Amino acid sequence: MTQRLSLVRLERMHTVLGGYIDRGEMPGLVALVSRAQDVHVEALGALSFGGAPMKRDTIFRIASMTKPITAAAAMILVEECRLRLDDPVDEFLPELASRKVLRRLDAPLDDVVPAKRAITLRDLLTFRWGFGAIMVWPSAYPIQKAMEAAGLMPGPNPVEFTADDYMKRLGALPLMYQPGEKWMYHTGSDVLGVLIARASGQGFPDFLRERICAPLGMKDTDFHVPAEKRDRFATSYVRDPATNKLNVHDEPRASRWGTPPSFASGGGGLVSTADDYLAFCRMMLGKGLYGRTRILSPASVALMTMDHLTDAQKEGMEMFFGDGHGGFKAGWGFGMGIDTKRVDLSSVPGRFGWVGGIGTAASSDPRENLAGILLTQCMMESPARVMTDFWTLVYQALEE
């Protein structure tokens with residue numbers, strides 16, 4: 001039987017997602033569902049409160065949805081044998097050679113031991129290289145405070161120093177864990193962007209444009225929004241916890257994304273549209289093939305979309321991987337999350353994708369030949385009910 005979407009049930013998506021706008025919880029959104037040849041799009045609300053109507057080609061800051069694209073770029077270089085998964089990255093990233101490692105996460109910065117081995121590309125792709133975001137607020141550990149002081153804490157805004165300066169600051173700090181020991185969020189993707197640039201001999205934005213975005217027709221995906229496209233760029237908002245009101249975080253006329261950044265963040269720097277990101281999702285669902293254009297081999301896509309983590313490596317990261325019942329429902333591939341256990345409508349084993357902290361999400365389900373993309377402009381809150389509702393609405397609309 002042909003895989004299709006139920007038009008009747010998709011009406012629920014319009015009603016439920018529209019409710020978020022009617023209640024003033026966000027100015028607008030774009031939701032896209034693709035299954036085989038069926039594509040359904042909802043462009044609801046406005047680009048800003050009181051602004052122009054939301055459209056299908058609105059440009060959003062996709063934040064950490066950048067990570068899967070960065071991982072795909074790294075795998076292109078692996079396939080060309082310019083990088084190797086298990087080689088040390090010291091040749092291209094000498095700042096990460098001969099690392100010292102904290103004895104404990106809460107140890108002073110000088111209480112260190114030598115790293116037991118070098119950091120590899122596989123470590124960076126799987127976020128097991130020993131360094132990353134500590135999910136404790138406010139900052140509680142010396143290494144966390146040192147990251148903050150060095151400007152290395154993940155955040156919603158572009159980094160304001162160069163890639164070389166970024167690596168110099170990173171190289172001045174010890175690792176939090178031994179390479180391969182623990183999953184740590186985010187920073188591995190930023191380092192990958194630098195590695196890709198140095199290994200390819202061209203700027204990271206240029207490499208993405210030439211090897212992924214142009215072949216896939218992702219014409220609006222970049223690290224900045226040029227002036228001629230700014231009328232399609234959504235304003236982003238952040239909620240003030242004291243007043244519960246949404247305040248402007250970034251607006252197009254004076255946007256932080258208005259010019260090419262000093263540092264192109266592989267962890268969260270891209271802007272994109274629903275249809276651009278769908279092209280990337282379809283390439284991944286096509287095992288590296290998009291139309292007649294091959295970006296990656298099926299072997300690379302299979303490797304990217306399998307869980308590489310042990311339970312011990314996931315421990316303490318239940319906010320990313322936990323099922324709410326004391327176990328794990330998800331893991332990590334290369335630059336993206338992987339569902340490993342079904343606990344609700346949408347957590348299908350084998351589904352892969354990721355979310356962006358400025359309010360975006362995309363996942364692909366090979367079993368259902370399905371991709372779902374939700375783009376909002378409100379800084380993600382926990383729990384992100386609009387995302388939970390979106391995925392429920394996607395899966396309830398599937399015909400056999």
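Before any of the text, the structure's been laid out above.
Calculation rules
As a convention, each chain's residues are numbered from 1 in the sequence order in which they are written. Totals for whole chains, interfaces and linings use every residue, but because this is a predicted model, local features are given only for residues with pLDDT of at least 70 and side-chain atom pairs only at 80 or more, for both listing and counting. Note that the side-chain values use all heavy atoms of the structure and ignore hydrogens as well as water. What counts as a helix is a DSSP run of H or I of at least four residues, what counts as a strand is a run of E of at least two, and both are numbered from the N terminus. As defined in this context, the radius of gyration uses C-alpha atoms, and a globule is described by 2.2 Å times the residue total to the power 0.38. Exposure is judged per residue with a 1.4 Å probe applied to protein chains only, and the accessible area is read against the type maximum: over 50% gives exposed, under 20% gives buried, and values in between give partly exposed. Of the grid points, spaced at 1 Å and generated over the protein atoms alone, those admitting a 1.4 Å probe that cannot get out make up cavities, while open sets with protein on both sides within 12 Å along at least five of seven lines make up pockets; any residue with an atom within 4 Å of a point is treated as lining. Grid points are joined across faces, edges and corners, and a volume is the space filled by probe spheres set on the points. Pairing of aromatic side chains here covers Phe, Tyr and the six-membered ring of Trp, requires ring centres within 6.5 Å, and sorts the geometry by plane angle: under 30 degrees stacked, over 60 edge-to-face, intermediate tilted. To sit over a ring, a charge needs its Lys NZ or Arg CZ within 6 Å of the ring centre and within 35 degrees of the ring normal. Joining through side-chain atoms within 4.5 Å is the link that ties buried Ala, Val, Leu, Ile, Met, Phe, Trp, Tyr and Cys residues into a set, and such a set is a nonpolar core. By definition in these notes, contact holds between two residues if any of their heavy atoms fall within 4.5 Å. A 3.5 Å cut-off defines polar contacts: any pair of N or O atoms within that distance qualifies, except that in protein one atom must be a possible hydrogen donor and the other a possible acceptor, and neighbouring residues in sequence count only when both atoms are side-chain atoms. One less than the number of residues in a helix, times 1.5 Å, gives the span that helix is expected to have. Two strands form a pair only when DSSP identifies at least two bridges running between them. Each axis is a line fitted through C-alpha atoms, taken for helices only over the stretch in contact, and angles between the N-to-C directions span 0 to 180 degrees.

A. Region of interest: the overall build of the protein chain. What the protein chain contains, in helices and strands, is 12 helices and 15 strands. Relative to the globule expectation of 21 Å for 400 residues, the C-alpha radius of gyration of the protein chain, 20 Å, shows essentially globular dimensions. Along the first, second and third principal axes, the C-alpha atoms of the protein chain reach 60 × 50 × 45 Å. Here the protein chain, with 400 residues, has 56% of them falling under the buried criterion.

B. Examining empty space enclosed by the protein more closely. One pass over the structure, following the stated rule, counts two cavities of 30 Å³ or more. The volume enclosed by the largest cavity comes to roughly 70 Å³. Forming the boundary of the largest cavity are Pro68, Tyr277, Phe280, Cys281, Met284, Met336, Phe352, Gly353, Trp354, Ala362, Ser363 and Ser364. Every element with two or more residues in the lining of the largest cavity is listed here: helix H8 (274-285), strand E13 (352-356) and strand E14 (360-365). In terms of residue count, the dominant contributor to the lining of the largest cavity is H8 (four residues).

C. Molecular detail of the packing of aromatic side chains. This structure, assessed with the given rule, holds 19 aromatic pairs. Where Phe204 meets Phe223, the ring centres are 5.7 Å apart and the plane angle is 50°; that geometry is what we call tilted. Placement of the pair is Phe204 in helix H7 (residues 204-216) and Phe223 in the loop between H7 and strand E6 (236-239), with a sequence separation of 19 residues. Residue classification places Phe223 among the buried residues on the basis of a relative accessible area of 3%. Residues Tyr277 and Phe280 carry aromatic rings whose centres are separated by 5.7 Å and whose planes lie at 55° to one another, so their mutual orientation is tilted. In this pair, Tyr277 and Phe280 both sit in helix H8, three residues apart, roughly one turn of the helix. The residues Tyr277 and Phe280 share a single accessibility class, namely buried. An aromatic cluster of three or more residues is present, and its members are Phe127, Trp183, Tyr185, Phe320, Phe321, Trp332 and Trp354. Seen from the ring of Phe161, Arg169 lies directly overhead, with NZ or CZ sitting 3.8 Å from the centre.

D. View of the nonpolar core. Leu121, Ile212, Phe280 and Leu296 are the most contacted members of the largest nonpolar core, which totals 98 residues. Apart from residues no more than four positions distant in its own chain, Ile212 is found in contact with Ile69, Ala72, Ala73, Ile76, Phe207, Met218, Phe280 and Ile295.

E. Broad picture of the side chain of Thr360. Tracing the backbone through its elements, the reader meets Thr360 in strand E14. Here Thr360 falls in the buried class, since its relative accessible area comes to 0%. Side-chain polar atoms of Thr360 contact the backbone oxygen of Ile62, separated by 3.2 Å. Leave out the neighbours within four places in its chain, and Thr360 touches Arg61, Ile62, Met65, Val355, Leu374, Leu375, Thr376, Met380 and Met387.

F. Region of interest: helix H6 (residues 187-200). The terminal C-alpha atoms of H6 lie 20 Å apart, and with 14 residues this matches the ideal 20 Å at 1.5 Å per residue to within 8%. Directly after H6, the chain includes Gly201, whose backbone phi takes a positive value near 80°.

G. Quick peek at the sheet that holds strand E11 (residues 330-332). Read across the open sheet, the seven strands follow the order E2-E1-E15-E14-E13-E12-E11; overall the sheet is antiparallel. At either end of the open sheet lies a strand with only one pairing partner, and these are strand E2 (38-45) and E11. Strand-to-strand twist across the sheet, computed as the mean angle between neighbouring axes with direction ignored, equals 15°. Two elements, strand E1 (residues 28-35) and strand E15 (residues 370-376), share seven bridges in a ladder whose sense is antiparallel. The residue of E15 that forms the bridge with Val33 is Gly372.

Keep in mind that these numbers describe shape and distance, not what the molecule does.
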